[in-house]
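Commentary on secondary and tertiary structure
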Amino acid sequence: MDETRYFPNKVYVTKDSENLPMTQKILENTGHLPVEIILDSRELIEDVLMSRNPVGEGKKLLLVTHQRGGYVKPCPCTPKYIGCNYFIINTELNCPLDCSYCILQLYLNNPLITIHANTSQLYLQLDAFLHKNRNRFFRIGTGELGDSLALDHLTDRSSELISYFADHPNALLELKTKTVNIKNVLAHEPPGNIVIAWSLNSEKIAGEEEIGAPSVHNRIQAARTVSQAGFRVGFHFDPIIHYEGWEDGYGEIIDDLMAGIDKDKIAWMSLGSLRFPPALKPVIQKRFPQTKIIYDEFITGKDGKLRYPKPLRLRLFQRIFSDLKKAGGGEIPVYFCMESGDVWKNVQKKTPRSKKEVEKLLTLPLGVNGF
Ligand code: SF4
């Protein structure tokens, strides 16, 4: 497995976070690196924002600080499409990998790799949230504003979260990654309400557009190891990208996946095609001048994002879905990320009427939610 672990050039710690246990753990794990204690992160962030490549410069620096707002939030999804009733925990912000299509390149109020260290607040907020909603079941994940495992060798966040959720059966935690950073996960017994999920793509797209990420084959090998240890796993083909030869490119990954993983261990898969706000295009052009993925034909969707025209999206989804069935994955729950009812109907012959129905589709087969 190509396990290239991230280390920043320098660690900054805000004074109010200096003595927190999470900060101490990070400092132990980055002991060879320069550290600076700062009173306030604003000046540092402004300096990075003034540089020629704030996103690239920000990835070299680690900021350990407090999460000032709420840790737990509903996934914003995208207006006017069918969502999946997902909640997110903002434990980290930004990501050491560098995917050309990454939406985080637009969130420029803080480009540093940021770890929120006031962990006790996180668990107090989770306690309150899960208790208040104790008659509901939640899917919760950490992989919206970063990669769930890319910093795990510094934080051991996965261990804390797995232990916490093992004692809270009215929620299911998904850790979503492109890395093979699974050592801490493997140190645990596998609770039924934990899903370790990988974002997959064709090897060509991964090699050209997902800079710093392991090969897709190695991600599947990591998923195999985790599933053989008893964990449930999930897979996200997202963003599916159209290029000459995409049929074979994605077909090979489906074959690799279905040959390598026991399908009973696969909790779900999602399919999502390339989509991005128009404002991301000039950022991609500047940071990744060699990429071709932004020069295909796009329409503006109901949410204002650029996406492939529907006939092309349907072709991509139908082919991948049918390859999955042919490879023996017909029973695996599959959902679409940010798509219309029409797309569901055309590909899967069923249309969930609400995000609650999507949630049931995903959680009923797992037998974890009491519906
Ligand atoms: S792994 Fe995800 S969060 Fe990290 S750069 Fe790629 S798209 Fe962005």
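Below is a summary of the structure that appears in this document.

With that settled, consider the overall build of the protein chain. Helix and strand counts for the protein chain come out as 14 helices and 18 strands. In terms of overall size, the protein chain behaves like a compact globule, its C-alpha atoms giving a radius of gyration of 20 Å where 371 residues would be expected to give roughly 21 Å. The principal-axis extents of the C-alpha atoms in the protein chain amount to approximately 55 × 50 × 40 Å. Counting across all 371 residues of the protein chain, residues that qualify as buried make up 58%. The long-range share in the protein chain, meaning contacts at least 24 apart out of those at least 6 apart in sequence, stands at 76%. If you sum the accessible surface of the protein chain, you get close to 16000 Å²; carbon and sulfur atoms cover 51% of it.

Attention shifts here to helix 4 (residues 119–132). The end-to-end C-alpha distance of helix 4, which contains 14 residues, comes to 20 Å, matching closely the 20 Å that a straight helix rising 1.5 Å per residue would cover. If you check which residues of helix 4 are buried, you get Thr 119, Leu 122, Tyr 123, Leu 126, Phe 129 and Leu 130. Seen from one end, helix 4 has its buried residues packed into an arc of 130°, which puts them on one side. Turned more than 90 degrees away from the buried face of helix 4, the exposed residues are Leu 124, His 131 and Lys 132. On the buried face of helix 4, the contacting elements are helix 1 (21–29), strand 4 (72–74), strand 5 (86–89), strand 9 (138–141), helix 6 (157–166) and strand 10 (171–177).

Here we come to the environment of Leu 130. Looking at the secondary structure, you find Leu 130 in helix 4. The sequence separation of Leu 130 and Pro 169 amounts to 39 residues, and the corresponding C-alpha distance is 9.7 Å. Other than its neighbours up to four places away in sequence, Leu 130 contacts Phe 138, Ile 140, Tyr 164, Phe 165, His 168, Asn 170 and Ala 171.

On the surface, a cluster of negative charge is made up of Glu 203, Asp 248, Glu 252 and Asp 255. No other element matches helix 10 (residues 246–260), which puts 3 residues into the negative patch. For Asp 248, a relative accessible area of 52% translates into the label exposed.

To continue, consider the site of the ligand. Surveying the vicinity of the ligand reveals the residues Cys 95, Leu 97, Cys 99, Tyr 101, Cys 102, Leu 104 and Lys 178. When grouped by side-chain class, the residues that make up the shell around the ligand number 6 nonpolar, no polar and 1 charged.

Next up on the list: the nonpolar core. Formed by 84 residues in total, the largest nonpolar core has its most connected members in Ile 140, Phe 165, Trp 198, Phe 235, Phe 237 and Met 269. The dominant element in this core, judged by the number of residues it contributes, is helix 12 (residues 310–329), at 7 residues. For Phe 165, the contacting residues outside a window of four places in its chain are Ile 89, Leu 126, Leu 130, Ile 140, Ala 171, Leu 173, Asn 193 and Ile 194. Counting 14 residues, the second largest nonpolar core, distinct from the first, contains Ile 26, Leu 33, Val 64 and Leu 154.

Along helix 11 (residues 280–287), the positions that sit buried rather than exposed are Leu 280, Ile 284 and Arg 287. Looking straight down helix 11, one finds its buried side chains confined to an arc of 75°; they lie on one side. Turning to helix 11, the residues buried within the fold contact helix 3 (54–58), strand 7 (98–99) and strand 15 (275–276).

Here the focus is the sheet that holds strand 14 (residues 266–273). The 8 strands lie next to each other as 4-5-9-10-11-13-14-18, forming an open sheet whose pairing is mixed. In this open sheet, the two edge strands, each paired with only one partner strand, are strand 4 and strand 18 (334–336). Ignoring which end each strand starts from, the neighbouring axes of this sheet average 25° apart. Of the strand pairs in this sheet, strand 14 and strand 18 are connected by 3 bridges, and their pairing is parallel.

Between two packed helices, both the angle of their axes relative to each other and the distance between the axes serve to describe the pair. Close contact between helix 12 and helix 13 (residues 341–348) brings their axes to 9 Å; oriented N to C, the two are set at 40°. Judged by the angle between their axes, helix 12 and helix 13 are oblique. Crossing of helix 12 over helix 13 shows right-handed handedness. Across from Lys 310, Arg 313, Leu 314, Phe 317, Gln 318 and Phe 321 in helix 12, the residues of helix 13 making contact are Asp 342, Val 343, Asn 346, Val 347 and Gln 348. A breakdown of the residues in the contact of helix 12 with helix 13 according to their chemical character gives 5 nonpolar, 3 polar and 3 charged.

Moving on, we come to the pattern of salt bridges. Enumeration according to the criterion identifies 18 salt bridges in this entry. A salt bridge links Glu 18 to Lys 15, with the shortest nitrogen-to-oxygen separation between them at 2.9 Å. The partner of Arg 307 in a salt bridge is Asp 303, with the nearest N and O atoms 3.1 Å apart. This pair shows no difference in class: Arg 307 is buried, exactly as Asp 303 is. Members of the salt-bridge network, linked through shared partners, are Asp 303, Arg 307, Arg 313 and Glu 339.

Each value, and the rule that gives it
- Residues numbered from 1 in each chain as written.
- Predicted model: local features only at pLDDT ≥ 70, side-chain atom pairs only at ≥ 80, totals over all residues.
- Heavy atoms only, no water.
- Helix = DSSP H or I, 4+ residues; strand = E, 2+ residues; numbered from the N terminus.
- Rg over C-alpha atoms; globule rule 2.2 N^0.38 Å.
- Buried < 20%, exposed > 50% of the residue type's maximum accessible area, 1.4 Å probe, protein only.
- Contact = heavy atoms within 4.5 Å.
- Areas by Shrake-Rupley, 256 points an atom, 1.4 Å probe, with all protein chains shown as cover.
- Expected span 1.5 Å × (residues − 1).
- Arc of directions from axis to C-beta.
- Patch = residues over 30% accessible without salt bridge, like charges linked within 9 Å, V, L, I, M, F, W, Y side chains within 5 Å.
- Salt bridge = Lys/Arg side-chain N within 4 Å of Asp/Glu carboxyl O.
- Lys, Arg positive; Asp, Glu negative; His and termini not counted.
- Charge placed at Lys NZ, Arg CZ, Asp CG, Glu CD.
- Near = heavy atom within 4 Å.
- Nonpolar A, V, L, I, M, F, W, Y, C, P; charged D, E, K, R; others polar.
- Core = buried A, V, L, I, M, F, W, Y, C linked by side-chain atoms within 4.5 Å.
- Pairing = 2+ DSSP bridges.
- Axes fitted to C-alpha atoms, helices over the stretch in contact; angles between N-to-C directions.
- Parallel < 35°, antiparallel > 145°, perpendicular 65-115°, else oblique.
- Left-handed = near helix turned anticlockwise from the far one by under 90°.

Without other data, these values stay purely geometric and don't point to any function.
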